[in-house]
Amino acid sequence: MVSDYSGNDHDGVSDEEGWESADEDMGNDETPSQCLFCTLVCPSTKKVLDHCRQHHSFDLKTVREKLDLDFYHTIKLINYIRNRIIISHDTVPEVIRDIELGTARHALSEDKYLQPVLEDDPLLFSFEDEDEDEDDLNFSADKKVKFLEEQLGKLKGEFAEYQEIVQRNFTETLKERIESTSEEGSNKLQEKAVATDRTKEVGRKERDDDSHYFTSYAGNDIHETMLKDAVRTEGYRDFIYGNKHLFKDKVVLDVGCGTGILSMFCAKAGAKKVIGVDNSDIIDKARANVFENKLDNIIILIRGKIEEVTLPVKKVDIIVSEWMGYCILYEAMLDSVLHARDKYLEPETGIMVPSHINLAISTLSDSEFINDRVNFWNEVYGFKMTAMKEKIDEDVIVTGLGKKSLSSTPVTFCHLPLGTVTVEDLSFIGPFELIIDGGGDGSKKGGEGKEEEWRELDRLDGFVIYFDTFFLPHPPPYYASAISSSSRAETWEYYDQKTGGRGVTFTTGPYRTVTHWQQGVLLINQDNLIGESVKEGDKVVGQVEYRKSESNSRELKIEMRWTLQRGNGVNEREREQLWHMR
């Protein structure tokens, strides 16, 4: 459009007349543009920005100056706003508040916002016109034409560079990976790092334990599995709805909000404000879920890591989170929840939901399971595949067992009070003593009569780990009469006489309905197997050590030392074994 006025004379129009015409067109910019916050289409970008100032109290120029945004970050800001309004259906006040509070700054570092939300969005290339001082335009026609030519050249250059950046975003990663596979490509990358971006290259070499973790929660499947786990979802729902007095007019933080289900439970229970935080792409669908259920006036959703985002409040009354992983600590999400607790939860009155975890262990004696999972490879459709058994006992097997697979009553080897536990406490050694008794329900005893002689069990095949989750309806301190390491979900009940609040619990163990967590099975390797059968009254005494993997902090190592103490007083040698949860 500007190039129409780059010459000295057009169809008999003088220089001055041409300039006035150009000046008028630049001021009006007759390319229709849509408002950043509503569906109104204005005849020019100038009128769009005027409309945003007058009707939405949003001054793009002021925001640019306040946030110190250059050309490219301003483009990201425009696309960020359009993405949240058009795609995520966020409310206007929520979007503007996030920008003003600085919580949107993290998003402006993402190159995906260089990609236009609206095709051929005129506002992306006209916003700088607002910054021009009109007094600078009051000079001679020749200078005005020269000024326009310079501006046109500048705009073309910026547009070309912008297109190059957008294109490079799609190809840069693949190109660099291909180059890095050859010596020549590696040299080029090193030269590029030294010459242009040493910091970025160093950052690329740093270990990344998070990307795959957050990406794994971006799709529907994993959330569908969790939501259909009625034990899990209804446990949270029953506690929140059954203790509405705790949530009424309170500020709640939902760490790792996923689809937003727990945030919506809290909003329905009467919370004044719920802030959900998640660093996965699923948060875009969570925003749509909140909007569809008309809870956007209560729930605020923020994209990012809880360690990095800035919340719109200094303190919250309640933290709710479904952070539990396989064998409880796989994926290390509890670290983030404890960071949120220490930074945001009211220290005296704050409530953690859930409030406690008991981690339990039992012995496994199940020949059918061993035949199905291990000996299966001895002959497969007439072929031997024993190589498949190699290292089969090095990884924790996540599976759902029945209570008949256990040969001892489970005991707790770790008690986690979430109001006080620290990140350092999550690497620990927990002792245990298991008595061979048939799993606590007598199912291993011969016949129906209780007086019949104990039937010898299969050998000790491994160990089973699971956890119980407890929800107490008040803040610390917690008394042993309410909850302790000996508490088991199958028998635990709690009622607060003062408030009428009721505790809720659920187990992931083999005595109740199977959950998506199932149980962790740790098979004993050949070197540690004891050939003889175990008998009633034998004891397994030892300790369990939990620690993070050195190669990935979200993976888990479980190491055990144990001794089988026979009922006749004879002790077997101490065994030791390491399992990986990865």
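Bear in mind the structure is a predicted one, so any value in this text is a computation, not a measurement.

### As for the overall build of the protein chain
Looking only at helices and strands, the protein chain features 16 helices and 17 strands. Within the protein chain, the proportion of its 582 residues that are buried is 47%. A separation threshold of at least 6 residues defines the contact pool for the protein chain, and within that pool the share at least 24 residues apart is 71%. Summing over all exposed atoms, the protein chain offers an accessible surface of approximately 29,700 Å²; the carbon and sulfur share of this is 48%.

### Quick notes on the sheet that holds strand β5 (residues 299-303)
Taken together, five strands build an open sheet; the order of strands is β5-β4-β3-β6-β7 and the sheet is parallel. Single-partner strands in this sheet number two, and they are β5 and β7 (351-353). Each strand of the sheet is rotated relative to its neighbour by a mean of 20 degrees, with strand direction disregarded. In this structure, strand β3 (residues 251-255) lies alongside strand β6 (residues 318-320), joined through three bridges in parallel fashion. Along β6, the bridge assignment pairs L253 with I319. Running at roughly 175 degrees to strand β4 (residues 273-278), helix α13 (residues 261-268) makes contact with β3, β4, β5 and β6 of the sheet. Helix α15 (residues 334-344) rests against β3, β6 and β7 of the sheet, and its axis sits at about 155 degrees to β3.

### Considerations on the packing of aromatic side chains
Counted by the stated rule, this structure contains 21 aromatic pairs. The interplanar angle of 20 degrees and the centroid separation of 6.1 Å between the aromatic rings of Y326 and Y330 together place this pair among those described as stacked. Given a relative accessible area of 16%, Y330 falls into the buried group. In this structure an aromatic cluster arises from ring pairing among Y236, F239, F247, F467, F471, F506 and W517. Against the face of Y241 rests K244, its NZ or CZ located 5.5 Å from the ring centre.

### Some remarks on helix α2 (residues 45-56)
Between its terminal C-alpha atoms α2 stretches 15 Å, which fits the 16 Å expected from 12 residues at 1.5 Å a residue. Taken as a whole, α2 has its buried residues at T45, V48, L49, D50, H51, C52 and H56. Just beyond α2, the residue with positive phi is S57, at close to 55 degrees.

### Digging into the nonpolar core
Membership of the largest hydrophobic core comes to 93 residues, with the highest contact counts inside it found for L253, W323, F413, F432 and Y546. Apart from the residues lying within four places of it in its own chain, the contact partners of F432 are I361, V411, F413, F463, V540, V541, G542, Q543, V544, M560 and W562. The next biggest cluster of nonpolar side chains, apart from the first, holds 31 residues, and it includes I75, I78, I96 and I99.

### Some points on a nonpolar patch on the surface
The grouping of Y381, F383, M385 and M388 at the surface amounts to a nonpolar patch, some 520 Å² of accessible area in total. Here F383 lies in the loop between α16 (367-373) and β9 (397-399).

### Quick notes on the side chain of R554
Here R554 is to be found in the loop between β15 (539-548) and β16 (556-565). Among the residues examined, R554 registers a relative accessible area of 11% and is labelled buried. Reaching out from R554, the side chain makes a polar contact with the side chain of D210 at a distance of 2.9 Å. Leaving out residues up to four positions away in the same chain, R554 has contacts with D209, D210, Y213, F214, Y330, E331, A332 and M333.

### Describing the pattern of salt bridges
Across all of its chains, the model carries 29 salt bridges by this definition. With a closest N to O distance of 3.5 Å, R84 and E94 form a salt bridge. Of this pair, R84 sits in helix α4 (residues 71-87) while E94 sits in helix α5 (residues 92-101), and the two are 10 residues apart along the sequence. Like E94, R84 is buried. Its salt-bridge partner being E559, residue R561 comes within 4.0 Å of it at the nearest N-O pair. Overall, the relative accessible area of 25% leaves R561 in the partly exposed class. Overall, the relative accessible area of 11% leaves E559 in the buried class. The structure contains a network of salt bridges with shared partners spanning R84, D90, E94, D98, D284 and R287.

Definitions and cut-offs
- Residues numbered from 1 in each chain as written.
- Predicted model: local features only at pLDDT ≥ 70, side-chain atom pairs only at ≥ 80, totals over all residues.
- Heavy atoms only, no water.
- Helix = DSSP H or I, 4+ residues; strand = E, 2+ residues; numbered from the N terminus.
- Buried < 20%, exposed > 50% of the residue type's maximum accessible area, 1.4 Å probe, protein only.
- Contact = heavy atoms within 4.5 Å.
- Areas by Shrake-Rupley, 256 points an atom, 1.4 Å probe, with all protein chains shown as cover.
- Pairing = 2+ DSSP bridges.
- Axes fitted to C-alpha atoms, helices over the stretch in contact; angles between N-to-C directions.
- Phe/Tyr/Trp six-rings, centres within 6.5 Å; stacked < 30°, edge-to-face > 60°.
- Lys NZ or Arg CZ within 6 Å of the ring centre and 35° of its normal.
- Expected span 1.5 Å × (residues − 1).
- Core = buried A, V, L, I, M, F, W, Y, C linked by side-chain atoms within 4.5 Å.
- Patch = residues over 30% accessible without salt bridge, like charges linked within 9 Å, V, L, I, M, F, W, Y side chains within 5 Å.
- Salt bridge = Lys/Arg side-chain N within 4 Å of Asp/Glu carboxyl O.
- Polar contact = N/O pair within 3.5 Å; in protein donor to acceptor, adjacent residues only side chain to side chain.

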